[in-house]
Structure formats: C-alpha cells, structure tokens
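Descriptive analysis of the structure
Listed below, chain by chain, are the residues.
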Amino acid sequence: LYVGRLKVEKGIFSLLKIFKEIPDDIYLSIVGKKEKEILNNKNINYIGYGYEAPDLIKIYDKHNIFILPSFTEAHPKVIDESLARKRPVIIFEEIKHIIQNREGIFVSKRNAKSLVETINFIIKNYAKIQERMKKNKLPTKQEFISRMSNILSSN
C-alpha cells in the first residue's frame with residue numbers, strides 16, 4: 001500500500017518503474033490524487049483519494065505492508081498511521097533516518113531484487129514483526145496537536 005501525493009519527490013514513479021520487474025504475486029495499491037497517468041500494470045491498483053479516517057483505516061487493514069518510496073522526508077505521518085494499524089513499513093535508503101526507535105520499519109535498496117527480498121522477509125516473519133510493533137510508542141492525535149501548538153507558540 002502507498003498513501004500519499006503522486007509527485008516525483010515522493011518516489012512513487014520510481015516505485016512504479018520497480019514494479020514493472022516485480023513478480024506477478026506482489027501487488028501495489030495506491031491511495032492518492034491521480035495527477036499523472038499511472039503506468040499500466042496489472043499488479044497496481046489505484047484506489048483513489050479523499051477518504052475519511054474510518055475508510056482509510058479499513059484500507060490499511062486490507063493490506064499487509066505499507067511502502068513509502070520518498071526521496072526526502074522529515075516526519076511522515078503515514079508511517080505512524082501504518083504502524084498504528086500494525087502494518088510493517090518499507091522505506092528506501094534515502095530516508096532511513098526516519099526510523100528512529102520504531103519497530104516495524106524496514107529499509108530496502110531502490111531496486112526490484114532488494115524490494116522483493118524485503119517483502120519476502122516481512123511476510124515470512126509477519127507475526128513476530130507485528131508482536132514487536134506492539135512496543136512502539138506512537139503519538140496520539142491530541143499529542144501531535146499539542147506538540148505543534150507548543151512549537152508554533154514558542155518564538
């Protein structure tokens with residue numbers, strides 16, 4: 001699953017090119033506003049965008065792994081959303097700094113071979129990974145708002 005903007009800097013087009021080389025039994029679902037034509041690939045399912053939280057939760061829950069192919073990131077909320085649903089996350093090396101102390105985030109090289117190896121590792125160890133993910137201390141919506149208010153009010 002990928003949830004985000006369909007922009008070059010988000011790495012989605014790089015991921016779509018990688019998916020041309022991925023085996024037929026691995027699928028990618030995309031939630032985001034379609035601004036460019038997505039490559040025609042039978043392994044890619046474009047879901048759409050504009051979902052309310054309960055519907056987005058159901059989408060996360062219907063998928064095994066979340067992937068964030070961005071080239072740059074600071075603190076992407078989609079990582080915490082995925083981890084909150086006990087869905088492991090794959091990122092690429094360029095943004096490995098976002099892992100911090102969270103369990104369930106895996107780093108892949110930006111190529112089909114490495115991505116498939118990472119996916120297979122996660123699937124084979126899924127129950128153990130989800131158990132370790134229970135240790136994550138993820139921010140609540142109220143904590144996030146409170147932190148942002150503190151940052152914005154400190155001049």
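This text goes with the structure placed above it.
Residues numbered from 1 in each chain as written. Predicted model: local features only at pLDDT ≥ 70, side-chain atom pairs only at ≥ 80, totals over all residues. Heavy atoms only, no water.

1. Some details on the pairing of strand β2 (residues 28–31)
Selection rule: Any residue under 20% of the maximum accessible area for its type is buried, any over 50% is exposed, and the rest in between are partly exposed; the area is computed with a 1.4 Å probe on protein chains only. Runs of E in the DSSP output that reach at least two residues are strands. Runs of H or I that reach at least four are helices, and both are numbered from the N terminus. Note on pairing: DSSP must find at least two bridges between two strands before they are called paired. Think of it like this: strands point away, you trace from the first strand over the helix to the second, and a clockwise trace means the crossover is right-handed.
Alternating residues of β2 divide into Leu28 and Ile30 and Ser29 and Val31, and every residue in both groups is buried. Looking at chain direction, strand β1 (residues 2–3) and β2 are connected through 2 bridges and run parallel. By the bridge assignment for β2, Tyr2 is matched with Ile30. Assessed by its sense of winding, the connection that carries the chain from β1 through helix α1 (residues 12–19) to β2 is right-handed. Alignment of β2 against strand β3 (residues 44–48), held across 4 bridges, turns out to be parallel. Each residue of the ladder has a partner; that of Ser29, found in β3, is Asn45.

2. Concerning the sheet that holds β1
Here we have 3 strands laid out as an open sheet, ordered β1-β2-β3, and parallel in their pairing. Each of the sheet's edge strands pairs with one partner strand only, and the pair in question is β1 and β3.

3. Section: the packing of aromatic side chains
For clarity, the threshold we go by: Pairing of aromatic side chains here covers Phe, Tyr and the six-membered ring of Trp, requires ring centres within 6.5 Å, and sorts the geometry by plane angle: under 30 degrees stacked, over 60 edge-to-face, intermediate tilted. By the criterion adopted, a ring carries a charge over it if an Arg CZ or a Lys NZ lies within 6 Å of its centre and within 35 degrees of its normal.
Tallied over the entire structure, the rule returns 2 aromatic pairs. Seen in terms of ring centroids, Tyr60 and Phe66 are 5.9 Å apart; in terms of plane orientation they differ by 35°. Their pairing is tilted. The exposure class of Tyr60 is buried, given its relative accessible area of 3%. Sitting over the face of the ring of Phe71, Arg110 holds its NZ or CZ atom 4.0 Å from the ring centroid.

4. Re the environment of Tyr2
Test applied: Contacts are assigned to residue pairs with any non-hydrogen atoms lying within 4.5 Å of each other. Under the rule applied, a polar contact is a pair of N or O atoms within 3.5 Å (in protein, one hydrogen donor and one hydrogen acceptor; residues adjacent in sequence only if both atoms are side-chain atoms).
In this structure, Tyr2 sits in strand β1. With 27 residues separating them in the primary sequence, Tyr2 and Ser29 have C-alpha atoms 6.2 Å apart. Not counting chain neighbours up to four residues away, the residues in contact with Tyr2 comprise Lys10, Ile12, Leu28, Ser29, Ile30, Val31, Phe66, Ile67, Leu68 and Pro69. A polar side-chain atom of Tyr2 sits 2.6 Å from the main-chain carbonyl oxygen of Arg5.

5. Structural notes on the pairing of strand β5 (residues 89–92)
Both faces of β5 are covered, namely the face carrying Val89 and Ile91 and the face carrying Ile90 and Phe92. The pairing of strand β4 (residues 66–68) with β5 spans 3 bridges and is parallel. Residue pairing in the sheet places Phe66 in a bridge with Val89 of β5. Since β4 and β5 lie parallel, the crossover through helix α3 (residues 77–84) that links them has a hand, and here it is right-handed. Both β5 and strand β6 (residues 105–108) contribute to a ladder of 4 bridges, which runs parallel. Within the sheet, the bridge partner assigned to Val89 lies in β6 and is Ile105.

6. Looking at α3
Every α-helical turn comprises 3.6 residues, leaving residues that sit three or four positions apart pointing alike. Along α3, the residues that are buried comprise Val78, Ile79, Asp80, Ser82 and Leu83. Looking at the packing, one finds that the buried side of α3 touches β1, α2 (53–61), β4, β5, β6 and α5 (126–133). Phi turns positive one or two residues past the end of α3, at Lys86, with a value near 60°.

7. What about the sheet that holds β6?
Sheet strands line up and pair through hydrogen bonds in the backbone, either parallel or antiparallel. What counts here: Under this scheme, a helix contributes an axis fitted over its contacting stretch, all axes are lines through C-alpha atoms, and angles between N-to-C directions fall in the 0 to 180 degree range.
Sheet architecture is open: 3 strands sit in the order β4-β5-β6, paired in parallel fashion. Edge positions in the sheet fall to β4 and β6, since each has one partner strand and no second. On average, each strand axis in the sheet is inclined to that of its neighbour by 25°, with strand direction left out of account.

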